[in-house]
Amino acid sequence: MRPRRLRSSSAVRELVAENHVRSSDLIYPIFVREGLSSPREIESMPGVFQHSEASLLVEIDEVLALGIRSVMLFAIPEHRDEVGSEALNENGILARSVRAVKERVGDRLVVIADLCLDEFTSHGHCGVLCSSGDVDNDLTLMKYSEMARVLGKAGADMLGLSGMMDNQVAAVRESLDQAGLQDVAILAYAAKYASAFYGPFRDAVESQLTGDRRGYQQDPRNRKEAAREVLLDIEQGADIVMVKPALSYLDIVSDIASLSNVPVAAYVVSGEYAMVELAASVGLIDRDRSIFEILHSVKRSGASLICTYWAKDYARRDHIGNL
Ligand code: PBG
């Protein structure tokens, strides 16, 4: 047997390629910042911007033209407080942005709104704190339930539950259904690890996090725990489950892909993006080939959807068809 026969030309390699990443598999995260007059590049994430409300819509047009079918919206409010009040404001920056984007795109683009309090709290945690300084799980669920209704009414197609509170999927599902928002889908960050690779994201949302998130996000040493989290979320009504980060957790992506009966997504996070961008910027690695390789590794591990800051870069090349 000579396996090299099937590697001998680009045509034959194309013919036998086992995995394909399509632009429509990608979810593009976008940041919108209240009070900004023009887009501002995020220092730790070269090529990624905080958008103004006006430039957000220009970005959306570009995303659509490239064949990307889904965006994940994160908003940075002008005012933060202990309990994240702006997250529940129907005219707050996130709800307003969701509304504006949906008015622009209709059903051509799936709009996922991040459902978490960390962008809205002054302490940067994903929920409300109790007197001990811990995040109060069930009090936070009440906030998430209301935030879900606000974002659902604003027109979000899907909510990205990224807070890692216990029973958040059940609480949000019930709240949406009671408000007549049965068609709003839930993308659950089912297996989300307490990761150093979120570093640049904190910069992107200007978070002043005090302490860390190890009391609610998963321990990187654990594998079975991810299965438990995912099964709970599916049981509670998650429409899609996500593993995050992606690259140090491809074993988890693979496990979840075989046990899940709903679509599996993986998030190539800010630190993973920054590592490649910085190494490529000084000529240590080939940027385009690294992006190609990384996205296919995630697909190969079993994720059908990939949330990535490279969505536009990948789609641009995919369009030309010269991968
Ligand atoms: C929480 C949230 C975070 C990210 C997405 N949603 C930050 C965190 O949990 O610390 C990180 C995404 C990235 O690093 O690209 N709302």
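Residues numbered from 1 in each chain as written. Predicted model: local features only at pLDDT ≥ 70, side-chain atom pairs only at ≥ 80, totals over all residues. Heavy atoms only, no water.

An unreviewed UniProt entry annotates the chain as Delta-aminolevulinic acid dehydratase originating from Aquiluna borgnonia. Check the Subunit (unreviewed entry) section of the UniProt entry for the chain; it says "Homooctamer." (UniProt positions renumbered as here; feature names shortened; annotations may be inferred.)

For the chain, the helix and strand inventory stands at 11 helices and 10 strands. Relative to a compact globule of 323 residues, whose C-alpha radius of gyration would be 20 Å, the chain shows 19 Å and is just as compact. Expressed as lengths along the three principal axes of its C-alpha atoms, the size of the chain is roughly 65 × 45 × 40 Å. Residue pairs in contact within the chain that sit at least 24 positions apart in sequence constitute 75% of those at least 6 positions apart. Carbon and sulfur atoms make up 49% of the accessible area of the chain, which amounts to about 14500 Å² in all. (Helix = DSSP H or I, 4+ residues; strand = E, 2+ residues; numbered from the N terminus. Rg over C-alpha atoms; globule rule 2.2 N^0.38 Å. Contact = heavy atoms within 4.5 Å. Areas by Shrake-Rupley, 256 points an atom, 1.4 Å probe, with all protein chains shown as cover.)

Below, the discussion takes up the packing of helix H2 (residues 53–65) against helix H3 (residues 93–105). Following both chains from N to C, one finds H2 and H3 inclined at 40°, their axes separated by 10 Å at the closest point. Looking at the two axes, H2 sits oblique to H3. Here H2 runs over H3; the crossing is right-handed. For the pair H2 and H3, contact is made by Glu-53, Leu-56, Leu-57, Ile-60, Asp-61 and Leu-64 and by Ile-93, Arg-96, Ser-97, Ala-100, Val-101, Arg-104 and Val-105, respectively. Class assignment of the residues belonging to the contact of H2 with H3 gives a composition of 8 nonpolar, 1 polar and 4 charged. (Axes fitted to C-alpha atoms, helices over the stretch in contact; angles between N-to-C directions. Parallel < 35°, antiparallel > 145°, perpendicular 65-115°, else oblique. Left-handed = near helix turned anticlockwise from the far one by under 90°. Nonpolar A, V, L, I, M, F, W, Y, C, P; charged D, E, K, R; others polar.)

Before going further, it helps to spend a moment on the pattern of salt bridges. Counting across every chain of the model gives 23 salt bridges. Here Arg-173 makes a salt bridge to Asp-239, at a shortest N to O gap of 3.9 Å. In this pair, Arg-173 sits in helix H5 (residues 168–178) while Asp-239 sits in the loop between helix H7 (224–235) and strand E8 (240–244), placing the two residues 66 residues apart along the sequence. Taking the relative accessible area as the measure of exposure, Asp-239 reaches 34% and is therefore partly exposed. One salt-bridge network, in which partners are shared between bridges, spans Glu-59, Glu-62, Glu-277, Arg-287, Asp-288, Lys-312, Asp-313, Arg-316 and Arg-317. (Salt bridge = Lys/Arg side-chain N within 4 Å of Asp/Glu carboxyl O. Buried < 20%, exposed > 50% of the residue type's maximum accessible area, 1.4 Å probe, protein only.)

Moving on, we get to a positive patch on the surface. On the surface, a cluster of positive charge is made up of Arg-2, Arg-4, Arg-5 and Arg-7. Mapped onto the secondary structure, Arg-4 falls in the segment before helix H1 (10–16). The exposed category is assigned to Arg-4, whose relative accessible area is 67%. (Patch = residues over 30% accessible without salt bridge, like charges linked within 9 Å, V, L, I, M, F, W, Y side chains within 5 Å. Lys, Arg positive; Asp, Glu negative; His and termini not counted. Charge placed at Lys NZ, Arg CZ, Asp CG, Glu CD.)

What follows covers the side chain of Glu-277. By the element assignment, Glu-277 lies in helix H9 (residues 270–281). Judged by its relative accessible area of 9%, Glu-277 falls in the buried class. A distance of 3.0 Å separates the side chain of Glu-277 from the side chain of Arg-287, its partner in a polar contact. A polar contact is formed between the side chain of Glu-277 and the side chain of Trp-310, at a distance of 2.7 Å. Not counting the four nearest positions on each side in its chain, Glu-277 is found in contact with Pro-46, Arg-287 and Trp-310. (Polar contact = N/O pair within 3.5 Å; in protein donor to acceptor, adjacent residues only side chain to side chain.)

Glancing now at unusual backbone geometry. The linkage connecting Lys-244 with the following residue, Pro-245, adopts the cis geometry, with an omega of -10°. Positive phi is not limited to glycine here, since Met-164 has a value of about 60°. When you line up the elements, Met-164 lands in the loop between strand E6 (158–161) and H5. Although it is not a glycine, Glu-206 adopts a positive phi angle of roughly 55°. If you trace the backbone, Glu-206 turns up in the loop between helix H6 (199–204) and H7. For Glu-206, a relative accessible area of 23% translates into the label partly exposed.

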